[in-house]
Amino acid sequence: METKLLFMFGRPFSPLYGMLMRLREHCYRSGLFKVEQLPVPVISVGNLTLGGTGKTPMVQCLARMLQEEGYRPAIISRGYGGSTKEPVNVVSDGRRVLLPAELVGDEPRLLAETLPGVLVLTGVVRKLPARRAVKMGADVLLLDDGFQHMGIARNLDLVLFSADHLAGNSRIFPGGDLREPVAALNRSSCFVLTGVTDDNRERGCRFLQLLQERFPEKPQCMSTTRFLSYVARQDKNGFTFVGAGQAATEKALGLCGIARPDSFRKTLAGCGITPIDFLAMPDHHVYKEADLAYIRARIKKSGAGSVVTTEKDMVKLGAAALGVPVYGLRLQVEVDEELRTLLFAAVSSANKP
């Protein structure tokens, strides 16, 4: 309801915001704003819409694919939600996870914990952590949420759309879900429809057809997400796997702090979990003691025997004492072969002398 009110009152300002975004893009294209050309291939993963489209799981997937082929990728993130003001933050040097979520943001911390061997760095001016990553030995850079960050040249520019939400209401912020005018998609390399299921595939394919008609030269790919396992945390330093038979989820409280909580509800349903209570916190929410007390009260009131949440929330909850077991859902993105081909073609062509 709050979002709908924002869009309703913000709609008159959408043309102004769209004009400013077009002007910004023109300044980069004309050379008025500098674009950093780095000495290694750069892959951007981003979106046109507000809210979650599965960027972080996609970055995880691409990083693992690159590692499997012998590359040493680094992930560069703004570190949204982190409190640090340092220009460069090394969240992981590939061997150790060095900085907590409250400093660098929940998503960089999650990436650092789940991708051993991968460098993870944050910074508001992303060319600075990008340069540091190259000095640290990275031979491919992955820009997390990089589509609107035009200050770094890239070799592949992936724009993700959620198969459940597509383009939202198709209006420009603050009157709608779009971060930029639709014409911004001209600078992308490929469209990726994420979270494809049997339920949303037909509608998603119709949406891709519309994109194909407007941008016929842009390749289109799809990805699916599958449940891998439950995880738990013994402390603040990592996840442990929990067997499906060991996870007591029959009377669970669902908890998430993500942009689209309904998507987590669907994920729970896909895992056969019907929560007896569901608590949605704001995206990137930092859990304070008052929040933990409130969650404990909800657990007691509902009679829940466990909490099921996202891995992103777990890196902030740590081993918080909630009085019941806390499980996270580990999910894995699977991409079609065309996206794999595009990825390695971009990397190999960038490495040619």
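Read on for a plain summary of the structure. (Residues numbered from 1 in each chain as written. Predicted model: local features only at pLDDT ≥ 70, side-chain atom pairs only at ≥ 80, totals over all residues. Heavy atoms only, no water.)

## Considerations on the overall build of the protein
When helices and strands are counted, the protein shows 11 helices and 13 strands. Over its C-alpha atoms the protein spans a radius of gyration of 20 Å, differing by no more than 12% from the 20 Å that the globule rule assigns to 353 residues. Considered along the principal axes of its C-alpha atoms, the protein spans approximately 60 × 45 × 40 Å. Sequence-distant contacts in the protein: of pairs separated by 6 or more residues, those separated by 24 or more amount to 76%. Split by element, the accessible area of the protein, about 16,600 Å² in all, is 55% carbon and sulfur. Of the charged side chains in the protein, 45 are positive and 36 negative; the average position of the first set lies 5 Å away from that of the second. (Helix = DSSP H or I, 4+ residues; strand = E, 2+ residues; numbered from the N terminus. Rg over C-alpha atoms; globule rule 2.2 N^0.38 Å. Contact = heavy atoms within 4.5 Å. Areas by Shrake-Rupley, 256 points an atom, 1.4 Å probe, with all protein chains shown as cover. Lys, Arg positive; Asp, Glu negative; His and termini not counted. Charge placed at Lys NZ, Arg CZ, Asp CG, Glu CD.)

## Let's talk about unusual backbone geometry
Residue Phe173 is joined to Pro174 through a cis peptide bond whose omega torsion reads 5°. Mapping Pro174 onto the fold places it in the loop between strand 6 (156-162) and strand 7 (190-194). With phi around 50°, Leu166 is a residue other than glycine that occupies positive phi space. Residue placement: Leu166 occurs in the loop between strand 6 and strand 7. With a phi close to 60°, His284 is a non-glycine residue in the positive phi region.

## Quick look at the pattern of salt bridges
Evaluated as defined, the whole model comprises 21 salt bridges. Close ionic contact of Arg233 with Glu113 constitutes a salt bridge, the shortest N to O distance being 2.7 Å. Here Glu113 lies in helix 5 (residues 106-114) and Arg233 lies in strand 8 (residues 220-233), a separation of 120 residues in the sequence. Taken individually, Arg233 and Glu113 each receive the classification buried, so the pair is uniform in this respect. One salt bridge connects Asp157 with Arg154, and the closest N-O pair in it is separated by 3.0 Å. Through salt bridges with shared partners, a single ionic network connects Glu25, Arg29, Glu180 and Arg187. (Salt bridge = Lys/Arg side-chain N within 4 Å of Asp/Glu carboxyl O. Buried < 20%, exposed > 50% of the residue type's maximum accessible area, 1.4 Å probe, protein only.)

## Some points on the environment of Lys218
Inspection of the secondary structure puts Lys218 in the loop between helix 7 (201-214) and strand 8. With 173 residues separating them in the primary sequence, Lys218 and Val45 have C-alpha atoms 15 Å apart. In this structure the side chain of Lys218 is engaged in a polar contact, spanning 2.7 Å, whose partner is the backbone oxygen of Asn186. From its side chain, Lys218 meets the backbone oxygen of Ser188 in a polar contact 2.6 Å long. (Polar contact = N/O pair within 3.5 Å; in protein donor to acceptor, adjacent residues only side chain to side chain.)

## Looking at the nonpolar core
Judged by nonpolar contacts, the single largest core of 31 residues is most densely connected at Ile43, Leu62, Ile75 and Leu158. When contributions to this core are tallied by element, the ones reaching two or more residues are strand 1 (42-47), helix 3 (55-68), helix 5, strand 5 (140-144), strand 6, strand 7 and helix 11 (337-351). Looking at this core element by element, the count peaks at 7 residues for helix 3. What Leu158 contacts, discounting residues up to four positions off in sequence, is Ser44, Val45, Gly46, Leu62, Cys190, Val192 and Leu339. In this structure, Ala101, Leu110, Phe239 and Val324 belong to the second largest nonpolar core, which totals 20 residues. (Core = buried A, V, L, I, M, F, W, Y, C linked by side-chain atoms within 4.5 Å.)

## Side note on the packing of helix 3 against helix 11
Between helix 3 and helix 11, whose axes approach to 11 Å, the crossing angle comes to 60°. Comparing the axis directions of helix 3 and helix 11 gives the class oblique. At the point where helix 3 passes helix 11, the crossing takes the right-handed sense. Here Met58, Leu62, Met65, Leu66 and Glu68 of helix 3 come into contact with helix 11, specifically with Leu339, Arg340, Leu343, Phe344 and Val347. Grouping the constituent residues of the contact of helix 3 with helix 11 by class yields 8 nonpolar, no polar and 2 charged. (Axes fitted to C-alpha atoms, helices over the stretch in contact; angles between N-to-C directions. Parallel < 35°, antiparallel > 145°, perpendicular 65-115°, else oblique. Left-handed = near helix turned anticlockwise from the far one by under 90°. Nonpolar A, V, L, I, M, F, W, Y, C, P; charged D, E, K, R; others polar.)

## Thoughts on a nonpolar patch on the surface
A contiguous nonpolar patch, built from Leu16, Met19, Leu20 and Leu23 and spanning about 390 Å² of accessible area, is present on the exposed surface. Topologically, Met19 is positioned in helix 2 (residues 14-30). Residue class for Met19 comes out partly exposed when judged on its relative accessible area of 46%. (Patch = residues over 30% accessible without salt bridge, like charges linked within 9 Å, V, L, I, M, F, W, Y side chains within 5 Å.)

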